[in-house]
Amino acid sequence: MISLKRLIEQNQEELIAGALRAYRASLDAMGRACLQACPALGSSLQNTLAGLQRQIPDHSTLEQVQQTGAHVEANLQQWGQHMAGYHQRKTGELKEILTIMAHTAEAVGDRDRRYSQQFTLITESLHSMATLDDLSAIRDALVASAKQLQSSVAQMSQDGDEMVSHMRGELHQYQTKLEEAERLATVDSLTGLQNRRGIEGTLAALIQQRRKFSIIMLDLNGFKQINDTYGHAAGDDILRQFASELRAAFRSTDDAGRWGGDEFIMVLQCSREEAVRHVERARKWVLGEYTLTGSCPPAKVSVDAAIGIAEWRDTDTMEALLERADTEMYRHKKSAARTATPA
C-alpha cells in the first residue's frame, strides 16, 4: 500500500498530464461527433471545443479545468437549443414542401377530372349524332363538337403551361434555399470565413485536380490571456477583426478559413516560396495592435501568431500536408514562448 502511494506521488504530474490529454481527446471526439450529427451547426461547436482544448495545457490547474468544463457545458446547452430550433425550422420547411406537393397533385387531379367530364360530354354528343338522319344537323353538331374539343385542348395546354411555370417557380425557390443551406454549412458563423468543413472540401478538390498549392496555418499567440483578461466576448471581437484583416491581406482567389478556436488557415494556389512572400506582407498588415471595440474605454491588445507553411506534394494526403504545416507552426509557437519567457 505504501509503495503504491509513493508510486502515485512520484508519478503525479505524469498522471495529471495524461488525464488532461484524455480530456482534450474527449473534447475533440465530442466536436467531431457533433459535426457528424449536424454538419450545418456542428462546425461552429467543433471550432469552439477545439479552442477550449488548447486552453488546457498539461500543467493546467484544477481551477482552469473547472472553468473550461463550465464553458463546455454552456456551449453544449446553447448548441442543444440551436439544434432544437434548427430541426423545428427544417420540419416546418418539410411540411411546407409536402403541402405544396399535395396542393399541386390536387390541382392536377381537379384539372384532369374537369377535362374528363368535358370529353365525356363531347363523346356523348358524338354518340347521339348516330341517331340523326339530317346530314345538315350532323355537320353542325360535328362542327360544334370540334370547336368544343379544340377549346378544351387549348385550355388544357394553357393550364398545363401555367402549372409547369408555377412548379418551376416553387422548385427554384427551394433550390435557392438548399444552396443557401449548403453554403452556410461551410461558413464559420463567427468570422464569416470558411469553416473546417469548407476548407477540407477545397483541399480535397485541389488534390483531386492535382493542382499546385500551399497552405498557411496561423495560431494566435496569447489569445487565452485576452479571454481571461477581457472576457470571451472580447475574444470573439478580436477573432472577427483578425479574420477580416486576414481576408483583406490576401488575394481574392485565395481561400481563407477558421480552422478551429484561434487557428486560421489560408489556401493559396502557388509554391511555398511565393506563399512565404505573401506571409511576410501579411505580417505587416494583419499582426500587431487591435482595438477592442466593445470595451469602455476602448482597450488595445497586441496580436501575434505562430505560422506554418507547407506546399502540397504529389504523394501527400490531406492529413500529411496539414500535419507538416501544423508541426512547423507549433515549432514556431514554442520558440516564441521560450523567447518571451524571462531567464
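Computed from a predicted structure; not experimentally measured.

Caption draft 1: Fine view of the sheet that holds strand S5 (residues 299-311). Taken together, five strands build an open sheet; the order of strands is S2-S3-S1-S5-S4 and the sheet is antiparallel. Pairing within the sheet leaves two strands with one partner each, and these edge strands are strand S2 (255-260) and strand S4 (288-292). Geometrically, the sheet is characterised by an average inter-axis angle of 30° between neighbouring strands, direction not taken into account. Judged from the five bridges that link them, S4 and S5 form a sheet pairing that is antiparallel. Paired with Leu 292 across the two strands is Ala 299, which belongs to S5. Together, strand S1 (214-221), S2 and strand S3 (263-268) form the strand contacts of helix H6 (residues 196-209), whose direction differs from that of S2 by roughly 125°. Here helix H8 (residues 232-249) sits on the sheet and contacts S1, S2, S3, S4 and S5; the angle it forms with S4, its principal contact strand, is near 130°.

Caption draft 2: Representation of the nonpolar core in the model. The biggest cluster of nonpolar side chains holds 33 residues, and the ones touching the most others in it are Ile 216, Leu 218, Phe 242 and Phe 264. Of all the elements in the fold, those that place two or more residues in this core are S1, helix H7 (223-230), H8, S3, helix H9 (272-286), S4 and S5. Ranked by residue count, the leading element in this core is H8, at seven residues. Those residues in contact with Leu 218, other than ones at most four positions away along the chain, are Phe 242, Leu 246, Asp 262, Glu 263, Phe 264, Ile 265, Met 266, Ala 305, Ala 306, Ile 307 and Met 329. With 18 residues, the next largest nonpolar core counts Ile 207, Ala 306, Ala 310 and Leu 322 among its residues.

Caption draft 3: Fine view of the packing of H8 against H9. It is at 10 Å that the axes of H8 and H9 come closest, and there the two elements cross at 140°. Relative to H9, the element H8 lies oblique. The two elements H8 and H9 meet at a crossing, and its hand is right-handed. Residues Phe 242, Glu 245, Leu 246 and Ala 249 of H8 lie in contact with H9, whose contacting residues are Arg 281, Ala 282, Trp 285 and Val 286. Here the contact of H8 with H9 is built from residues that sort into six nonpolar, no polar and two charged.

The rules behind each value
- Residues numbered from 1 in each chain as written.
- Predicted model: local features only at pLDDT ≥ 70, side-chain atom pairs only at ≥ 80, totals over all residues.
- Heavy atoms only, no water.
- Pairing = 2+ DSSP bridges.
- Helix = DSSP H or I, 4+ residues; strand = E, 2+ residues; numbered from the N terminus.
- Axes fitted to C-alpha atoms, helices over the stretch in contact; angles between N-to-C directions.
- Contact = heavy atoms within 4.5 Å.
- Core = buried A, V, L, I, M, F, W, Y, C linked by side-chain atoms within 4.5 Å.
- Buried < 20%, exposed > 50% of the residue type's maximum accessible area, 1.4 Å probe, protein only.
- Parallel < 35°, antiparallel > 145°, perpendicular 65-115°, else oblique.
- Left-handed = near helix turned anticlockwise from the far one by under 90°.
- Nonpolar A, V, L, I, M, F, W, Y, C, P; charged D, E, K, R; others polar.

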